[in-house]
Amino acid sequence: MTAAKKEYKLNPPTVSLYTEKMMLKVLFEHKGLETLFEESRWKSDEVARALGLPNKLEKEENLPEIVVQLLKPRYKTLQKMTALSDENWQQAEENLLQLAQLLSLNEAEVGILRLSLHLKLEKDFEEVFNYFSPKSLTQAVDFLAKLLVFPRNILRPVLKKNGKLFQYGLLHRNYRSTDIDEYIEWGETLDPDEFLFFPLDEEKLLKNSVILSESPKLSLTQFQHIEDKHIMMRNYLQQAIEKKQKGVNFLIYGAPGTGKTELANLLATSLNLTAYNIAYMDEDGDVIFAEDRLNHCRLSQTLLERSQNNLLIFDEIEDVFAGSFFERSVAQKNKAWLNQLLENNAVPMIWLSNSVYGIDEAFLRRFDFILEMPDLPIKNKAELIRSLAGDKLSEGYIQHFAKERSLTPAILDRAIKVAGQVDLQNKTFAEVLLNLFNQTLQSQRKAKIQPLIEGKMAYDLDWVSCQTNIRQVSEGLKRNKKGRICCYGPPGTGKTAWAGWLAEQLEMPVLLRQGSDLLDPYVGGTEQKIAQAFDQAKSDNCVLVFDEVDSFLFSRDGAQRSWERSQVNEMLTQIERFEGLLVVSTNLMDSLDPAALRRFDLKLKFDYLTPTQRQNFAKHQARQLGLGELNEEALYFIEGLGLLTPGDFAAVSRRHQFAPFEEIRMWLNALQDECHLKPDFTQSKKIGF
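Note that the structure is a prediction, hence the values are computed from the model and not measured.

Counting its secondary structure elements, the protein contains 34 helices and 16 strands. On C-alpha atoms alone, the protein measures out to a radius of gyration of 39 Å, which is more than a quarter above the 26 Å that the 2.2 N^0.38 rule sets for 689 residues. The principal-axis extents of the C-alpha atoms in the protein amount to approximately 135 × 55 × 55 Å. Taken over 689 residues, the protein has a buried fraction of 49%. Put simply, 74% of the contacts in the protein that link residues at least 6 apart link residues at least 24 apart. Carbon and sulfur atoms make up 48% of the accessible area of the protein, which amounts to about 35,400 Å² in all. The protein carries 84 positive and 97 negative side-chain charges, and their two centres are separated by 4 Å.

Written as structure tokens, this is what we have:
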């Protein structure tokens, strides 16, 4: 034995003093020798190399005995050393002490964290544990308690899932752990290499979990449509901070781009609070998983509660609360902790989501405020567009874009900014902007925005043929701004145009929906779009206009499918409940459901122009188009066109813009052609003109 000891000498170890001691402890006190070393062979080259055992030693028949002779003196030496911090690990030890102070970690927690760090950075270290596979957490606790010399009752809480090290994301546990090292795997909160070489302080630790929020781009004046709500939230938040109240949480949800994050930052700014966002991407642009984001939330709560005037914003919370039929959500897996946070968090939080679908009611009832962020009303959206675009857009286009519900503040801000920086290439600013909007909307599978038709004929009640006194009706609606009107009659008689003119007189925006806008291929989709239209009209105080309403209010007697009846039922129900101004138009009055007719306060029949109206309108149009005055023969010709409508004059006027009429005769014949194309045309007599 003496000869063997003299023949072989240990090589310098490849691991730190701490790791060397721990590895030797496993060998001598945890039956590691019997497990790893057999006669003439060892099971792990990595362990042998780490401890400095020479390669040629493996050929010895009495290998275990020689290993004991070589390593035991070394182990005794290490046991006598009070400090096991190598020069390369001094910074890590200082960081462990700093972390313990910042997070109030006890000695057992620091001991486990130190062990985890060495396992993470010294790959040969974990090899010694690959041969010790505990069957449960209890066995892992027993093993680690002996290895680190901590009482079992102290160490067990450290290794529980709700312990600080796991709650802060400093450690991570594989749910199917098979080896000791997998029960205390280094977490995602701290980069182990940085922890080894660079000093750690509170600011850096906080930076690993949250991002300082950007200054808001909007102002609270642009949220006037929810002024009563954000004032209430602001006042509550202010009092809560002054009283150091715990458990203050707001939930703001709504469609992407509606300004949820902006509102959260504005609330913070208005109260001089420092707002932090729980990061959902790391510095490399990789997505941070929901479990880790919750860990960051816990850690930041601990770090920020020492100082006042802080606010945490948890955006994109869908990944935390979204579950499935087969698997519980991350929130449900951490339900006890999350409930406790919502009741006791020291730092106020604003949680942001696109939807509340899937969020457990147990969580919802613990929020102080739950606000659904609506789309900007048309007036506010017009102001936003005007402020972003300046004088680059006409007022007509500003109003045109403001009426588009799909254009959220986020889309407007980005598109207008891009349009202002690109080469227009002989296009107008509005054309470029329209293209940018439609590209975005198309990617979201939303309807494209049509160009604004500028230079349209002015609407005039003198050119409206209505069996009811349309002027009297219009004046009454101006006073009350409420009513459910059904306009029917031939195409082009001015039914929908009257609704638009009326809205202008009332200084109310128009929400126009055609049949194609509301029809949806999925069951229940059409009903949902109908309901959304009524909700938007109520929210934005719009004149709600349904063109081609016969698409939804056809007689249920002829319905062949259940969903056809449900569409009619939904429309009837919404009409019954609506307290604003509703105007619907149809060319097929006879096909409407009888129940629908009873729900309208007034049915207005728009008809073909009267002879006097035809002649007066023709005189007006001839002058507008530069064709001169009409003589008696021309007026007689016009009088004979009994099916003329304002729409016919408008169509021929648009044609004149690209194919000008050289003389009155050509213009009159064009009007006659419009009449000939109508189904109920009965007079084919062509007057020679």
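After that view, the rundown keeps rolling.
All right, on to the packing of aromatic side chains then. Summed over the entire model, instances satisfying the criterion amount to 20 aromatic pairs. For the pair Phe129 and Phe143, a centre-to-centre distance of 6.1 Å together with 80° between the ring planes defines the contact as edge-to-face. Within this pair, whereas Phe129 is found in the loop between helix 8 (123–127) and helix 9 (137–148), its partner Phe143 is found in helix 9, the two being separated by 14 residues in sequence. Look at Phe649 and Trp667: their rings are 6.4 Å apart centre to centre, the planes differ by 50°, and that puts the pair in the tilted class. You can see Phe649 sitting in helix 33 (residues 646–658) and its partner Trp667 sitting in helix 34 (residues 664–676), a full 18 residues away along the chain. Judged by its relative accessible area of 1%, Phe649 falls in the buried class. An aromatic cluster is built from Phe314, Phe321, Trp351, Phe363 and Phe367, whose rings are joined through pairwise contacts. We note Arg298 situated over the ring of Trp337; from NZ or CZ to the ring centre the distance is 4.0 Å.

As summarised here, the arrangement of the 6 strands in space is 11-16-12-15-14-13, forming an open sheet in which the pairing is mixed. The open sheet terminates on both sides in strands that have one partner only, identified here as strand 11 (465–466) and strand 13 (510–513). The strands that helix 26 (residues 495–506) touches are strand 12 (483–488), strand 13, strand 14 (543–546), strand 15 (581–586) and strand 16 (602–607); relative to strand 15, the one it contacts most, it runs at about 160°.

Attention now moves to the environment of Ile449. The topology assignment puts Ile449 in the loop between helix 24 (429–443) and strand 11. When its relative accessible area of 2% is taken as the criterion, Ile449 is described as buried. C-alpha separation for the pair Ile449 and Val422, spaced 27 residues apart in sequence, amounts to 21 Å. Those residues in contact with Ile449 that lie beyond four places of it in its chain are His400, Phe401, Glu404, Leu407, Leu434, Phe437, Asn438 and Leu441.

As a further point, take a negative patch on the surface. On the surface, a cluster of negative charge is made up of Glu185, Glu188, Asp282 and Asp286. Topologically, Glu185 is positioned in strand 4 (residues 185–186). Looking at Glu185, the relative accessible area reads 33%, which means it is partly exposed.

Attention shifts here to the confidence of the model for the protein. Taken as a whole, the protein shows an average pLDDT of 86; of its residues, 94% reach a score of 70 or greater. In this model residues 683–689 is a low-confidence stretch, pLDDT under 50, and it forms 14 contacts with partners more than four residues away in sequence or in other chains.

This part is about a nonpolar patch on the surface. On the surface, Tyr280, Met281 and Val287 cluster together into a nonpolar patch covering about 300 Å² of accessible area. Locating Met281 in the fold gives a position in the loop between strand 7 (274–278) and helix 16 (290–304).

Moving on, we get to the domain arrangement of the protein. Domain boundaries in the protein define domain 1 (17–80), domain 2 (89–200), domain 3 (208–372), domain 4 (378–444), domain 5 (461–605) and domain 6 (611–685). Taken residue by residue, the interface counts 9 residues in domain 3 and 8 residues in domain 4. Regarding the contact of domain 3 and domain 4, the summed buried area is about 550 Å², with carbon and sulfur atoms giving 50% of it. Among the residues domain 3 hides against domain 4, the three largest losses belong to Lys217, Gln222 and Gly257. Together they make up 55% of the total. Our enumeration of links across domain 3 and domain 4 arrives at 1 salt bridge. The residue Lys217 makes a salt bridge to Asp413 at a minimum N-O spacing of 3.9 Å. At the junction of domain 3 with domain 4, the criterion picks out 2 residue pairs in polar contact (both at pLDDT 80 or more). For the side of domain 3 that touches domain 4, the per-class residue count stands at 2 nonpolar, 6 polar and 1 charged.

Rules of the game
Residues numbered from 1 in each chain as written. Predicted model: local features only at pLDDT ≥ 70, side-chain atom pairs only at ≥ 80, totals over all residues. Heavy atoms only, no water. Helix = DSSP H or I, 4+ residues; strand = E, 2+ residues; numbered from the N terminus. Rg over C-alpha atoms; globule rule 2.2 N^0.38 Å. Buried < 20%, exposed > 50% of the residue type's maximum accessible area, 1.4 Å probe, protein only. Contact = heavy atoms within 4.5 Å. Areas by Shrake-Rupley, 256 points an atom, 1.4 Å probe, with all protein chains shown as cover. Lys, Arg positive; Asp, Glu negative; His and termini not counted. Charge placed at Lys NZ, Arg CZ, Asp CG, Glu CD. Phe/Tyr/Trp six-rings, centres within 6.5 Å; stacked < 30°, edge-to-face > 60°. Lys NZ or Arg CZ within 6 Å of the ring centre and 35° of its normal. Pairing = 2+ DSSP bridges. Axes fitted to C-alpha atoms, helices over the stretch in contact; angles between N-to-C directions. Patch = residues over 30% accessible without salt bridge, like charges linked within 9 Å, V, L, I, M, F, W, Y side chains within 5 Å. Salt bridge = Lys/Arg side-chain N within 4 Å of Asp/Glu carboxyl O. pLDDT = per-residue confidence, 0-100. Domains from an automatic or database assignment. Buried area = accessible area lost by both parts, 1.4 Å probe. Polar contact = N/O pair within 3.5 Å; in protein donor to acceptor, adjacent residues only side chain to side chain. Nonpolar A, V, L, I, M, F, W, Y, C, P; charged D, E, K, R; others polar.

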